[in-house]
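Below are the chains, spelled out letter by letter.
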Amino acid sequence: MSLSNGVSLSITTTILHSTSSTFLPKKSPKTSLKEVSMTLSYLSSFVSLFLTRKWCGSVGILVKGMYELWGEGTCYEELRDSIESFPDSRKLPFLASDSTFRISVETFGKALTFDEQRERINSLTYIPFEGKVNLKNADHNFFIMEMDESEENNGLQPILQRRIFFGREVGFADRKLLPTFQLKSRTYLGPTAMDAEMAFLMANQAKAASGKLVYDPFVGTGSILVSAARFGAMTMGADIDIRVVRDGRGPDCNVWSNFKQYGLPTPVALLRMDNNLPPWRSGLNELFDAIVCDPPYGVRAGGRKSGGRKILRGTVDPYTVPEDKRTDHIPSTGAYSLVECVHDLLHLAARMLVMKGRLVFFFPVLRDENGSEVKFPEHPCFKLVAVSEQILSSRYSRVLLTMVKVEPYSEEVEEAARLMHVEFRENHLKWLEKGNIHSSVFKPSDPSQVHTDSKSFKDPKPKYRGKYV
C-alpha cells in the first residue's frame with residue numbers, strides 16, 4: 001500500500017487462477033485432505049483480496065493502492081534477481097500479447113527527472129512483456145517504488161536503507177473522494193471546520209457504516225458528520241450555539257445544506273445542547289454506536305458552557321426566560337475548560353455508547369523535547385485502542401484517541417471514573433487549565449526578545465506557531 005505522505009508499502013497477495021466455475025475440488029474418492037486444505041487456503045486468499053480491494057475503493061483514505069509484490073532489493077541488480085525468482089505461473093498471465101500494460105515510477109525521499117524514470121523503466125527488459133503499452137487505460141499497471149535514504153522529516157520516521165520494489169497493482173482507492181469533499185467547495189463553513197481528509201479518518205476510526213448511529217456533541221458546521229454519512233451511517237449532532245445549528249447563514253447556507261450539497265441523508269436531529277448539562281433522561285442509555293468529535297482546546301476557539309460569568313460565579317441566580325422572548329433568545333455562556341470538557345465527554349460516552357461502541361476525539365499535547373511519556377484521559381468503561389499524532393508545530397500537536405467501550409455503565413463505575421479524573425486533573429492536566437495551552441502556542445519563539453520595560457520596548461503581537469485547530 002502507498003500512504004498519502006509518499007511512504008510505499010507492498011502486500012504480497014495470493015491469487016487463484018482458475019477457469020472452473022467453482023474453486024472447490026470435484027467430488028472424487030482420490031481427493032486427499034491435503035488437496036482440499038490447499039484449495040480452501042487459495043479460496044481464502046482470493047476472498048481476502050476481493051474484500052481488501054472493495055475496502056480500498058470505498059473507505060480507504062490514506063491507502064493509495066494495493067500491489068502484488070514481484071520483487072525487491074537494495075539495488076536494481078538485487079531487484080532483478082528477486083523478480084526472476086518470482087514464479088512464472090504468477091507473472092506470465094499478465095504479460096500476454098493480448099493485454100496492454102503501463103509501468104510507472106514512484107519515489108520517496110528523493111525526486112527523479114523524467115529521463116531518470118525512463119532509464120529505470122528501460123532497465124526492466126528482462127521481464128518478458130509481450131503486450132502493447134497503453135499509458136491511459138492499460139489492462140495491467142506495474143509500479144517501480146524506490147525509497148532512498150532520508151533523515152527524519154515532518155515527524156516521519158527516517159529511511160535507513162534504500163529499498164526498491166516492483167509489483168502489479170491489484171487495487172486502488174477512490175482518490176476523487178477528498179477533492180469532492182474539500183472544504184473550499186463546502187457550502188457552509190466555520191472557523192474550526194474539520195479538514196475533509198481528517199474527518200474521513202475519524203469516521204473510519206469510529207467504524208461508521210450503514211445501520212450505525214454516529215453522534216457529534218460539538219457538531220459546529222457538521223464536517224465530521226458529513227464524512228460519517230458518506231460511509232452510510234445515520235448521524236446526529238449537538239452544539240451549544242443555537243445560531244449554528246438552527247440558523248447558519250440563511251435557509252440555503254447551514255448545516256443541513258452541507259448534507260444536501262453531496263446528496264447525503266440529513267442528520268436525524270441537530271440539537272442545541274450543552275455538553276456540561278446534557279438533557280438526556282436518566283434511564284436513557286446505550287443509544288449511539290459511535291461518538292466522534294473535536295472538542296474545543298482554547299487555541300482557535302475556546303469551549304463554552306451554559307451560564308454567564310455572574311451566574312457561574314454565583315453572584316446572581318439562574319433565571320427563566322419569558323415565553324414571548326424564547327424564540328430569539330441567545331442563552332448566556334461562560335468559559336468551559338478542556339479539563340471539564342474531557343470529563344463530561346467520557347461520562348457521556350460511558351452512558352450513551354453501546355457495548356463495543358467507539359469514542360473518537362482529538363486531545364492536545366505539548367511536545368516535550370525530553371520525550372517524556374504523555375498521560376491520556378482514562379475511564380473504567382473504555383479501552384484505549386489507538387493513538388495517532390498529528391504534529392501541528394514544533395511546540396504542540398494533537399492526538400486522535402480511539403477508545404472502545406468494554407464495560408457497562410453503572411453508578412459504581414461512574415464514581416471510580418470521578419476519582420480517576422481527579423487524579424488525572426491534579427497530576428497531568430494542569431497545563432490545560434486557564435488558557436495555558438493558548439499561551440504555550442502563541443508565546444514568542446525567543447523569550448529573550450520579550451522586554452519588561454514597556455517605555456523602551458513594546459511587546460510584539462504574539463504570533464501563532466502552527467496550524468489553526
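In this text, all values refer to a predicted model and were calculated from it rather than measured experimentally.

### Brief notes about the overall build of the protein
Looking only at helices and strands, one finds 13 helices and 14 strands in the protein. Burial statistics for the protein: of 469 residues in total, 41% are counted as buried. When the accessible surface of the protein is split by element, carbon and sulfur atoms take 51% of a total near 26,400 Å².

### Regarding unusual backbone geometry
Positive phi, normally seen in glycine, also occurs at E286, with a value near 50°. Tracing the sequence through the fold places E286 in the loop between β8 (269-272) and β9 (288-293). By relative accessible area, E286 is classed as partly exposed at 36%. Although it is not a glycine, K356 adopts a positive phi angle of roughly 70°. Residue classification places K356 among the exposed positions, given a relative accessible area of 71%.

### Some thoughts on the pattern of salt bridges
Per the counting criterion, the structure on display carries 15 salt bridges. Across the salt bridge formed by E415 and R418, the nearest N and O atoms sit 2.8 Å from each other. Of this pair, E415 and R418 both sit in helix α12 (residues 411-427), 3 residues apart, which is roughly one turn of the helix. Judged by relative accessible area, which is 38%, E415 ranks as partly exposed. For R418, a relative accessible area of 37% gives the class partly exposed. Three or more residues are tied together by salt bridges with common partners; here these are E68, R90 and R168.

### Some words on the pairing of strand β1 (residues 65-73)
Here β1 lies mainly inside the structure; 8 of its 9 residues are buried. The pairing of β1 with strand β5 (residues 163-172) spans 8 bridges and is antiparallel. Across the sheet, the residue bridging to M66 is G171, located in β5.

### Examining the environment of L277
With respect to the helices and strands, L277 occurs in the loop between β8 and β9. Along the chain, L277 and S306 lie 29 residues apart, while their C-alpha atoms are 7.7 Å from each other.

### Quick look at the side chain of H379
Inspection of the secondary structure puts H379 in the loop between β12 (353-366) and β13 (382-391). Residue classification places H379 among the buried residues on the basis of a relative accessible area of 6%. Setting aside residues no more than four positions away along its own chain, H379 makes contact with L346, A350, V413, E414, A417 and M420.

### Concerning the sheet that holds strand β7 (residues 234-239)
Pairing is mixed in the open sheet, where 7 strands are placed in the order β8-β7-β6-β9-β12-β14-β13. Taken across any chain shown, the strands that pair with only one partner, and hence form the sheet edges, are β8 and β13. In this sheet, adjacent strand axes meet at a mean angle of 20° when their direction is disregarded. Pairing geometry for strand β6 (residues 213-216) and β7, over 4 bridges, is parallel. Bridging across to β7, V214 finds its partner in T235. Here helix α7 (residues 223-230) sits on the sheet and contacts β6, β7 and β9; the angle it forms with β7, its principal contact strand, is near 175°.

Reading the values: the criteria
Residues numbered from 1 in each chain as written. Predicted model: local features only at pLDDT ≥ 70, side-chain atom pairs only at ≥ 80, totals over all residues. Heavy atoms only, no water. Helix = DSSP H or I, 4+ residues; strand = E, 2+ residues; numbered from the N terminus. Buried < 20%, exposed > 50% of the residue type's maximum accessible area, 1.4 Å probe, protein only. Areas by Shrake-Rupley, 256 points an atom, 1.4 Å probe, with all protein chains shown as cover. Salt bridge = Lys/Arg side-chain N within 4 Å of Asp/Glu carboxyl O. Pairing = 2+ DSSP bridges. Contact = heavy atoms within 4.5 Å. Axes fitted to C-alpha atoms, helices over the stretch in contact; angles between N-to-C directions.

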